Amino acid sequence: MNDPVLLTGAGGRVGGAILDGIGDEYDWTLLYHSQPAEEPDAEYFVGDVTDAELMAEACAGVESVVHLAGDPRRDAPWESVLQNNIHGTKVLYDAAIDAGVERLVYASSNHAVGHFETERKPDLYRTDDDFKLDGTELPRPGNFYGVSKVAGETLGRYYHDEHGVAVCNIRIGNLTKAHPPIDYERGQAMWLSHRDCAHLHQRALEAEYEYEIVYGISDNDRKYYSLERAKEALGYEPKDNSAHFSGEDRVEEPEN
Ligand SMILES: NC(=O)C1=CN([C@@H]2O[C@H](COP(=O)(O)OP(=O)(O)OC[C@H]3O[C@@H](n4cnc5c(N)ncnc54)[C@H](O)[C@@H]3O)[C@@H](O)[C@H]2O)C=CC1
Ligand SMILES: O=C1O[C@H](COP(=O)(O)O)[C@@H](O)[C@H](O)[C@H]1O
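The model shown is predicted, which means the values in this text are computed figures rather than measured ones.

1. Quick look at the UniProt feature "domain: NAD-dependent epimerase/dehydratase" (unreviewed entry) in the chain
So, point 1. According to UniProt, the "domain: NAD-dependent epimerase/dehydratase" (unreviewed entry) feature falls on residues 5-176.
So, point 2. A helix fraction of 34% and a strand fraction of 20% characterise residues 5-176, whose end C-alpha atoms lie 24 Å from each other.

So this is what it looks like as structure tokens:
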């Protein structure tokens, strides 16, 4: 019998990468914001992560939560990130603790540390620049969306210290499917391939840890995020590298 895992934001891009890659590995409960076009092959709920009653139902019998639901826009307004990202995470984590959930895996973002780039770009996107963030630095969000992601990490810190739940915050870079972003150095530096995304989340669901902040990117030559903590704490073994793609056969991906 597979471990029961609640996946919020199941209908989104990161949720799709996870379900495509490790959909058969867990006994999923899926949370969608609106009714999915195709009937999911798992138990599912439709509604808002700020709905405490619904989150209590969704968390019942679950061992781990992968929390992706939220407003992912870098220019999302304060009102939206306050409600969807900060309050939503708090409501979900309360329900998870009440239900006895043992592990929370949280989709944080590169935007939690976006202002480290301000005085270093574009050099830090290049292979001859050695600067790296490793997750021990204090956050420097570059927008309100980034502020909300830091708040999510901090909520996780509080719930870990207060209730003992294991928490892994993954500062996801830039997930694209067919190939890394083209003509976008920053995107190539922080690219996360679909298979590395699925594998990283599997490691976050399997490894033993207390509270972690790791960077979620592929092993890109251009990276300015260290992968050492993800490797050491989770056993992450990335397979992809944006430098291995030539930029031919461009496929347009949906923007948010
Ligand atoms: N795609 C990427 O490269 C990155 C994504 N992330 C984070 O990963 C998570 C997922 O992002 P994506 O899949 O790219 O976004 P997405 O927009 O494709 O998926 C997010 C899903 O959450 C749902 N959602 C939004 N607000 C909700 C609410 N209040 N209640 C219930 N569901 C709600 C949306 O309907 C959507 O299906 C987000 O938290 C985002 O901040 C972080 C860094 C990079
Ligand atoms: O957190 C996120 O970051 C990625 C990459 O950021 P960008 O500023 O280079 O676009 C973004 O694609 C994603 O939508 C967002 O949630």
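2. Details of the sheet that holds strand S9 (residues 211-216)
So, point 1. Within the open sheet, the seven strands sit side by side as S3-S2-S1-S4-S5-S6-S9. Their pairing is parallel. Where the open sheet ends on each side, the last strands, each with one partner, are strand S3 (43-46) and S9. Averaged over all adjacent pairs, the angle separating strand axes in this sheet is 15°, with direction ignored.
So, point 2. Here four bridges tie strand S1 (residues 4-8) to strand S4 (residues 64-67), and the two strands are oriented parallel to one another. Directly across from Leu-6, in S4, lies its bridge partner Val-65.
So, point 3. Against the sheet, helix H3 (residues 78-98) makes contact with S1, S4 and strand S5 (103-109), and its axis sits at roughly 175° relative to S4, the strand it touches most.

3. With respect to the packing of aromatic side chains
So, point 1. Counted according to the given criterion, the structure contains nine aromatic pairs.
So, point 2. Measuring from centroid to centroid gives 6.0 Å for Tyr-32 and Tyr-44, while their planes differ by 90°, and the two rings are edge-to-face. Pair noted here: Tyr-32 is in strand S2 (residues 27-32) and Tyr-44 is in strand S3, with a separation of twelve residues, a long-range link.
So, point 3. An angle of 55° between the planes, with centres 4.6 Å apart, marks the rings of Tyr-224 and Tyr-225 as tilted. In this pair, the class of Tyr-224 matches that of Tyr-225, namely buried.
So, point 4. Within the aromatic cluster, the residues linked to one another by ring pairs are Tyr-125, Tyr-215, Tyr-224 and Tyr-225.
So, point 5. The ring of Phe-116 has Arg-140 sitting right over it, with the charged end atom 4.9 Å from the ring centre.
So, point 6. Above the plane of the ring of Tyr-211 lies Arg-157, whose end atom (NZ or CZ) is 4.5 Å from the centre.

4. With respect to the nonpolar core
So, point 1. Formed by 45 residues in total, the largest nonpolar core has its most connected members in Ile-18, Trp-28 and Leu-234.
So, point 2. Residue assignment for this core shows that the elements contributing at least two residues are S1, helix H1 (13-22), S2, S5, strand S6 (166-172), helix H6 (194-206), S9 and helix H7 (228-234).
So, point 3. Among the elements that make up this core, the one with the highest residue count is H6 (five residues).
So, point 4. Apart from the residues within four sequence positions on either side, Leu-234 is in contact with Cys-168, Leu-200, Arg-203, Ala-204, Ala-207, Tyr-209, Val-214 and Arg-229.
So, point 5. Formed by 25 residues, the second largest nonpolar core is a distinct cluster that contains Leu-31, Met-55, Val-101 and Tyr-211.

5. Things to note about the pairing of S4
So, point 1. Judged by which residues are buried, S4 turns out to be covered on both faces: Ser-64 and Val-66 on one side and Val-65 and His-67 on the other are all buried.
So, point 2. As paired elements, S4 and S5 share four bridges and run parallel to each other. Following the sheet pairing, Ser-64 is matched in S5 by Arg-103.
So, point 3. For the crossover that starts at S4, traverses H3 and ends in the parallel S5, the hand is right-handed.

6. Regarding the site of ligand 1
So, point 1. Lining the immediate surroundings of ligand 1 are 23 residues, of which Arg-13, Leu-68, Asn-84, Tyr-145 and Lys-149 lie closest.
So, point 2. Separating an oxygen atom of ligand 1 from a backbone N or O atom of Val-14 is a distance of 2.8 Å.
So, point 3. Here an oxygen atom of ligand 1 and a side-chain polar atom of Tyr-145 are 2.5 Å apart.
So, point 4. Coverage of ligand 1 by the protein amounts to 87% of the 820 Å² it exposes when considered alone.
So, point 5. Every element with two or more residues in the shell around ligand 1 is listed here: H1, S5, helix H4 (144-163) and strand S7 (174-175).
So, point 6. Partitioned by chemical class, the residues of the shell around ligand 1 number nine nonpolar, eleven polar and three charged.

7. A short note on a negative patch on the surface
So, point 1. Taken together, the side chains of Asp-3, Asp-24, Glu-25, Asp-27, Asp-41, Glu-43, Glu-63, Glu-102 and Glu-206 define an acidic patch exposed on the protein surface.
So, point 2. Tracing the chain through its elements places Glu-206 in helix H6.

8. Concerning the UniProt feature "active site" (unreviewed entry) in the chain
So, point 1. Under the feature "active site" (unreviewed entry), the UniProt entry names Tyr-145.
So, point 2. Looking at the element boundaries, Tyr-145 is found in helix H4.

9. What about the environment of Leu-54?
So, point 1. Checked against the element boundaries, Leu-54 lands in helix H2 (residues 52-59).
So, point 2. Sequence separation between Leu-54 and Leu-92 is 38 residues, and the spatial gap between their C-alpha atoms is 9.3 Å.
So, point 3. Residues within four places of Leu-54 in sequence aside, it is in contact with Leu-31, Phe-45, Val-46, Gly-47 and Asp-48.

Rules behind the numbers
- Residues numbered from 1 in each chain as written.
- Chains lettered and ligands numbered in written order.
- Predicted model: local features only at pLDDT ≥ 70, side-chain atom pairs only at ≥ 80, totals over all residues.
- Heavy atoms only, no water.
- UniProt positions renumbered as here; feature names shortened; annotations may be inferred.
- Helix = DSSP H or I, 4+ residues; strand = E, 2+ residues; numbered from the N terminus.
- Pairing = 2+ DSSP bridges.
- Axes fitted to C-alpha atoms, helices over the stretch in contact; angles between N-to-C directions.
- Contact = heavy atoms within 4.5 Å.
- Phe/Tyr/Trp six-rings, centres within 6.5 Å; stacked < 30°, edge-to-face > 60°.
- Buried < 20%, exposed > 50% of the residue type's maximum accessible area, 1.4 Å probe, protein only.
- Lys NZ or Arg CZ within 6 Å of the ring centre and 35° of its normal.
- Core = buried A, V, L, I, M, F, W, Y, C linked by side-chain atoms within 4.5 Å.
- Right-handed = clockwise from strand over helix to strand, strands pointing away.
- Near = heavy atom within 4 Å.
- Polar contact = N/O pair within 3.5 Å; in protein donor to acceptor, adjacent residues only side chain to side chain.
- Areas by Shrake-Rupley, 256 points an atom, 1.4 Å probe, with all protein chains shown as cover.
- Nonpolar A, V, L, I, M, F, W, Y, C, P; charged D, E, K, R; others polar.
- Patch = residues over 30% accessible without salt bridge, like charges linked within 9 Å, V, L, I, M, F, W, Y side chains within 5 Å.
- Salt bridge = Lys/Arg side-chain N within 4 Å of Asp/Glu carboxyl O.
- Lys, Arg positive; Asp, Glu negative; His and termini not counted.
- Charge placed at Lys NZ, Arg CZ, Asp CG, Glu CD.

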